[in-house]
There are 2 protein chains.
Amino acid sequence: MLKPSIVTELSQIVGTRGMIMGQSQLQTYECDGLTAFRVPPQAVLLPETTDQVQRILRVCHRQQIPFVARGSGTGLSGGALPGEDSIVIGLSRMNRILNLDLPNQQITVQPGVINANVTAATAPHGYFYAPDPSSQTVCSIGGNIAENAGGAHCLKYGFTVTHILEMTVVLPNGDLVTLGSRTPDAPGYDLAGVFIGSEGTLGIATEMTIRIMRKPETVQVILAAFDTILAAAQSVSDVIAAGQLPAAMEIMDRLSIEAAELSVHPNYPACEALLLIELDGPEAEVNLQMEAVTKICKENGAWETRLAVDEHARLLVWKGRKAAFAAAGRLSPNYIVQDGVIPRTSLPSVLEKLNAMAAAENLRVTNVFHAGDGNLHPIILYDRDHPGEEERAIDLSLRILDVCVEAGGSITGEHGVGREKQCSMSYMYADPDLETMQRVRRAFDPLNIANPEKLFPTPRLCGERTRGAYAPHPLEASGIAEVF
Amino acid sequence: MLKPSIVTELSQIVGTRGMIMGQSQLQTYECDGLTAFRVPPQAVLLPETTDQVQRILRVCHRQQIPFVARGSGTGLSGGALPGEDSIVIGLSRMNRILNLDLPNQQITVQPGVINANVTAATAPHGYFYAPDPSSQTVCSIGGNIAENAGGAHCLKYGFTVTHILEMTVVLPNGDLVTLGSRTPDAPGYDLAGVFIGSEGTLGIATEMTIRIMRKPETVQVILAAFDTILAAAQSVSDVIAAGQLPAAMEIMDRLSIEAAELSVHPNYPACEALLLIELDGPEAEVNLQMEAVTKICKENGAWETRLAVDEHARLLVWKGRKAAFAAAGRLSPNYIVQDGVIPRTSLPSVLEKLNAMAAAENLRVTNVFHAGDGNLHPIILYDRDHPGEEERAIDLSLRILDVCVEAGGSITGEHGVGREKQCSMSYMYADPDLETMQRVRRAFDPLNIANPEKLFPTPRLCGERTRGAYAPHPLEASGIAEVF
């Protein structure tokens, strides 16, 4: 419980309009997109300026109060889940665009600005912001920085870290620092790179200067229908080996196609594996690339290749793809969306293992991939009303991560570690690797008040750390389906 | 002085062949490419395995012996300069290519492998390694990692940090960690990003997995002759604003052109400003881009645009550009090469200031730019035999950095901070920014034995830290001219 004197002090910083203490209102903040975990915070503060954030963190530091920064609350790994003793610092009111520097292709914004609004603000001038998580119409730039957010177009354009140039950051002790630089290859350590993807454990970014990119002259998307996932995957490898770099390459399997069809009617060809390739750039170039890409698909057995004829058709293609997870609800009363990464070349062997594992559990698994990046999103379908099925589904979803790591991959591509996968970190990293990260964490936050008990395995939550020793937990499909 | 027992212990690790103690041999290691500073080390060790590096660092840690890692010794900022009490760990014998994974476009090498040899090893398969410092035929991958090396083609392909996926690193206490990941967007902190460019202050990388890229089908270079630097610079901005991303865009001014002509006879057009634009990719695309780029140059007043007709002509164009610094010796008995970065749009105002400053000192300054990146290399020409001229040249070269920082830029684009510019760091960063970097340094190296007294300002070397308080020193042109 916060002492009354601290409540008073905090409310003086943000005003009574900027502080939430009522139990019912606090419920809004008790979880993020990972709804299986719910902990109401002690209080929620809604600062509007960097100065207010500094003053709040100085109080937290002096009183050793843990804090959790929160953007739009769309994260899928519980990064914004409060701790029992913590306050939440909601940044949604810091939603102003501060400066637009077109000649240098930069925009400076506050952390609560919605991802899609960066593109909206720059589109009239012919620019866009590249990282495009599927939640981009609701998720915030601050949250994107915390999670190093990706999206379908990261294949060509890179993750959030590629696009954030400079940040104003409030450290956990309230000090203000500038991380990164507006010029390339700045001297000293690249602490912007460490901060981005640190899931709120190193401080709070309150201002960020972002690279914007020139909108391509043309965007084209092609659908290629294959009889096997492997043929589609081989096409992806061949496209990259040919030196092409599409804006996006996505694979959906038959079940995902059916689900999307039931949900938003994208009129996909009915096939075992659908490969969706988007190309962008000057029109004449894109036409040439499209010829080459189409040829590669046909050589790998694509029996239908269909170019979206216009912008309406192209957006419908993407609507189907982006709806694929939510649409899993049409196939099964419950499901779990997993997020793992493998080397692209391991796809055949990993898929074979996954299918065998699913068959052994008598569970259906459908797959959607960011294929160019090797980022898998297996969706495990189950029915909670069948006794024991949920436990087997959770167990399978975690064992899938083991397979990803064993193939030389990773336990998460986009969704982050947060609370969900912190115990899996020991499976991916050796003790000295994790200890080095911890030392860096302590360099920023010696009191461990910035989003503590996240990201890293802790004895309390994970027990003795051993490879494969996950802490299973019930994942609730409904909360996961909205954003990914 | 090393105690005899420690000498014995170290020699047992690397063998007598792997240890240098003789004064004359040690002289080879008393400086790197910044030859104005010379300090002979206590000893030089030449390990051949990661295990040997670990054992050496355990001794250093136990005995608190400072160590300086050294690649090929081509660095320009004194990063490999020994300290008086330090040993040098030379990594040139760790020069093996360990694995070539073509399907995943990765190669694993030891730190002593020469930059150009990575491309040489992969070229027969159609691949190349992108970062191309002008010293690439002699500099090592380990040194490239220490300095986050760049090169003319970083405009399109990014600096070293973009291409290093995973490293085995020996920490200053001898512990072995893996930093980075072969998969994109790995969970946890991006410590590979911090390590790359840390100039040897966080440990020693002994194995690195590197991204290789598919060789483009076609490479074309065009020379465009302008009457003013500003017209050439405007063309660069217009090319980028048009959404084009050339592999390289370089500007040379009249003096640099003349110097190159005297030196390697590249047959450049005689003009006030030469813009060199290289495009690469599929041939049909490059042809289209070249049309667009040529049009932009002409619209900005290029009175000659000349396409290199074949590979021989193209290489001659680059030979001239890469010789530009060494060729300054044809113009003047002595010179200083500076390295600063500015926002591309500040080029007109910064150039105006530079010219006025040079005129006020009655000194000639010639300019070569990585124009796309805003990376300036002003070359200050002077004659040491004219009393006081060297001091004025040094002073001018440092004041140029002030102008870069004031324009929103940086004190170094490629050459690093090392010993040369550590006192300038206070001009670029505020105290809390530097203190945060220091805390991260201490997280890796609490005893401050890894390349100490480099990169950061120290009271001993820089006095009281104030903006603009540089520690001037004599730069010797001969050592700087070879590599840049």
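Note that this is a predicted model, so its numbers are computed, not measured.

Engineer: Explain the sheet that holds strand β3 (residues 67-70) of chain B here, please?
Structural biologist: Hydrogen bonding along the main chain pairs the strands of a sheet, whether they run parallel or antiparallel. Residue and element names in this part refer to chain B. Here four strands make up an open sheet; going across it, the order is β1-β2-β4-β3 and the pairing mixed. Looking at which strands have only one partner, the edges of the open sheet turn out to be β1 (19-20) and β3. Pairing of strand β2 (residues 43-45) with strand β4 (residues 87-90), which is carried by three bridges, proceeds in the parallel orientation. Paired with leucine 45 across the bridge in β4 is isoleucine 89. In the packing of helix α3 (residues 50-63) onto the sheet, contacts are made with β2, β3 and β4, and the angle to β4 comes to roughly 165°.

Engineer: Explain helix α11 (residues 311-322) of chain A here, please?
Structural biologist: Residues and elements named next belong to chain A. Its 12 residues place the ends of α11 16 Å apart at the C-alpha level, agreeing with the 16 Å of an ideal helix rising 1.5 Å per residue. Three or more residues of α11 are buried, namely Ala313, Arg314, Val317, Trp318, Gly320 and Arg321. Burial along α11 is one-sided: seen end-on, the buried residues are contained in an arc of 155°. The inward-facing, buried residues of α11 abut β12 (218-226), β13 (248-253), α9 (254-264), β14 (273-281), α12 (324-327) and β18 (364-370).

Engineer: How should I be thinking about the environment of B:Gln438 in this particular structure?
Structural biologist: All names here are of chain B. Its location among the elements puts glutamine 438 in helix α16 (residues 431-444). Residues glutamine 438 and phenylalanine 456 lie 18 residues apart in sequence; the distance between their C-alpha atoms is 8.1 Å. Separated by 2.7 Å, the side chains of glutamine 438 and arginine 441 make a polar contact.

Engineer: I keep staring at the domain arrangement of chain A and nothing clicks. Help me out?
Structural biologist: Note on interface size: it is often stated as the accessible area lost on association of the parts. When cut into domains, chain A gives domain 1 (4-90), domain 2 (97-214), domain 3 (219-325), domain 4 (331-406) and domain 5 (425-472). Inter-centroid distance (C-alpha atoms) of domain 2 of chain A to domain 4 of chain A is 32 Å.

Engineer: It is not clear to me how the interface of chain B and chain A should be interpreted in this structure. Could you clarify?
Structural biologist: The interface is formed by 62 residues belonging to chain B together with 62 residues belonging to chain A. Surface buried jointly by chain B and chain A totals about 4900 Å² across both partners, of which 59% is contributed by carbon and sulfur atoms. Broken down residue by residue, the surface that chain B buries against chain A is led by B:Asp185, B:Pro187 and B:Tyr189, which jointly contribute 18%. Where chain B packs against chain A, one counts zero salt bridges. Taken together, the connections running from chain B to chain A amount to 16 residue pairs in polar contact (both at pLDDT 80 or more).

Engineer: Please explain the relation of the copies chain B and chain A as it appears in this structure.
Structural biologist: Note on the chain copies: they are related by a rotation about an axis and a translation along it. You can overlay chain B on chain A at an RMSD of 0.0 Å; the transform is a turn of 180° with a shift of 0.0 Å along its axis. One copy is carried onto the other by what is essentially a two-fold rotation axis. Comparing interface residues between copies, 100% of those in chain B also sit at the interface in chain A, which points to an isologous, same-surface contact.

Engineer: Explanation requested: helix α9 (residues 254-264) of chain B in the structure shown.
Structural biologist: Each α-helix winds once per 3.6 residues, and so residues spaced three or four apart point in a common direction. All names here are of chain B. Along α9, the residues classified as buried are Leu255, Ser256, Ile257, Ala259, Ala260 and Val264. The secondary structure elements touched by the buried residues of α9 are β13 (248-253), β14 (273-281), α11 (311-322), α12 (324-327), β18 (364-370) and β19 (375-382). A positive backbone phi angle near 50° is found at histidine 265, which sits one or two residues after α9.

Rules used in this analysis
Residues numbered from 1 in each chain as written. Chains lettered and ligands numbered in written order. Predicted model: local features only at pLDDT ≥ 70, side-chain atom pairs only at ≥ 80, totals over all residues. Heavy atoms only, no water. Pairing = 2+ DSSP bridges. Helix = DSSP H or I, 4+ residues; strand = E, 2+ residues; numbered from the N terminus. Contact = heavy atoms within 4.5 Å. Axes fitted to C-alpha atoms, helices over the stretch in contact; angles between N-to-C directions. Expected span 1.5 Å × (residues − 1). Buried < 20%, exposed > 50% of the residue type's maximum accessible area, 1.4 Å probe, protein only. Arc of directions from axis to C-beta. Polar contact = N/O pair within 3.5 Å; in protein donor to acceptor, adjacent residues only side chain to side chain. Domains from an automatic or database assignment. Buried area = accessible area lost by both parts, 1.4 Å probe. Salt bridge = Lys/Arg side-chain N within 4 Å of Asp/Glu carboxyl O. Least-squares fit on C-alpha atoms with pLDDT ≥ 70 in both.

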